[in-house]
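# Residue-level structure breakdown
Residue-level listing of the chains:
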Amino acid sequence: MIPAAFDYYRPETMDDVIAILQEHGDDARVMAGGHSLIPMMKLRMADVPHLIDLQAIDGLSDITIEGNRITLGAMVTQHDLIAHDGLTAAAPILQETALQIADPQVRYMGTVGGNVANGDPGNDMPGLMQCLDATINLIGPDGARSVAARDYYESAYMTAREDDEVLVSVSFDTPSGGHAYEKQKRKIGDYATAAAAVQIANSGGTVASASIAMTNLSDVPVWSDDAAKALIGTSCDADAVKAAVAAMLGDIDPSEDNRGPVAFKRHVAGVILTRAITRAWSRTTSRA
């Protein structure tokens, strides 16, 4: 289909972006890579009279690793995550996740900011950012502010970002220990039926810390603190993994759709999390 008519803007400063957002209010939307917004516009699921393209704004494509802190600009693409050797060494779960998003053509244009910002429960990066305890950095007419990724998502397509604010970057501490991103999907390019992001630290053969987040199993990404707590202090044996899965199943709320009924999704979620925990734990000896 063809989208409804709209005015297109390509500002060169963030001040100009904010000014356009303030002028047009709910009628204006910011576009990063466009892979979420443009299809919705073409299907007439989103009416955007004023479209603001961020590609001419300097600095939004930067990847910064300073000490123990990593910052990804909103316009960093999934391909950038895959190709940046320093980032892969510091936080390999980013590359592992990005490689499972859509296909190479999409990854060359799809951005971190676009994936994180709009609150689509099927996107992969929101759950990953919750797993990494990331901070989402916003800028608006009142200046800059930051929101924890674990507090950012309120419901499907509803977030803590105000209409006149722009997501400019995400930042997080360098993760330690083992990692895994597991995803089950019907075909290449599809949203996950279920996905799990896991980070685990090993201390003397027991789990010292853990973080677990699930994707597309509720109207928001699910950071399951209870699932992580079920692993801490254990040897990550089969009983501990089962306890973590049971805790996770208490946190999710999937709905039936063309990916399957609720019972199937809950089963897949358990399988995926079991695989993710097992693989992350197996990697802890190389990233202690």
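Just so it is clear, the model here is predicted, and its values are computed rather than measured. (Residues numbered from 1 in each chain as written. Predicted model: local features only at pLDDT ≥ 70, side-chain atom pairs only at ≥ 80, totals over all residues. Heavy atoms only, no water.)

### What about the overall build of the protein chain?
Scanning the protein chain from terminus to terminus reveals twelve helices and 14 strands. The globule rule puts the C-alpha radius of gyration for 288 residues at 19 Å, and the 19 Å found for the protein chain is close to it. Overall, the protein chain is about 55 × 45 × 35 Å in size when its C-alpha atoms are taken along their principal axes. Across the 288 residues that make up the protein chain, the buried fraction comes to 51%. Put simply, of all contacts in the protein chain between residues at least 6 apart along the chain, 62% involve residues at least 24 apart. Looking at the protein chain as shown, the accessible area adds up to about 12600 Å², and 49% of this sits on carbon and sulfur atoms. Charge separation in the protein chain, taken as the distance between the mean sites of 22 positive and 38 negative side-chain charges, equals 10 Å. (Helix = DSSP H or I, 4+ residues; strand = E, 2+ residues; numbered from the N terminus. Rg over C-alpha atoms; globule rule 2.2 N^0.38 Å. Buried < 20%, exposed > 50% of the residue type's maximum accessible area, 1.4 Å probe, protein only. Contact = heavy atoms within 4.5 Å. Areas by Shrake-Rupley, 256 points an atom, 1.4 Å probe, with all protein chains shown as cover. Lys, Arg positive; Asp, Glu negative; His and termini not counted. Charge placed at Lys NZ, Arg CZ, Asp CG, Glu CD.)

### Concerning the sheet that holds strand S14 (residues 222-223)
Strand order in this open sheet of four strands is S11-S12-S13-S14, and the pairing throughout is antiparallel. On the outer flanks of this sheet lie strand S11 (178-185) and S14, each paired with one strand and no other. Here strand S13 (residues 206-215) pairs with S14 via two bridges, running antiparallel. Pairing of Ala213 across the sheet is with Trp223, part of S14. Those strands touched by helix H8 (residues 124-131) are S11, strand S12 (192-203), S13 and S14, and its axis lies near 155 degrees from that of S13. The strands that helix H12 (residues 262-282) touches are S11, S12 and S13; relative to S12, the one it contacts most, it runs at about 30 degrees. (Pairing = 2+ DSSP bridges. Axes fitted to C-alpha atoms, helices over the stretch in contact; angles between N-to-C directions.)

### Some points on the nonpolar core
Among the nonpolar cores identified, the biggest contains 39 residues, and Leu72 and Met129 are the most heavily contacted of them. Sort the elements by how many residues they give to this core and H8 lands first, with four residues. The contact partners of Met129, leaving out residues within four places of it in the chain, are Leu72, Leu94, Val116, Ala134, Ala149, Val170 and Phe172. (Core = buried A, V, L, I, M, F, W, Y, C linked by side-chain atoms within 4.5 Å.)

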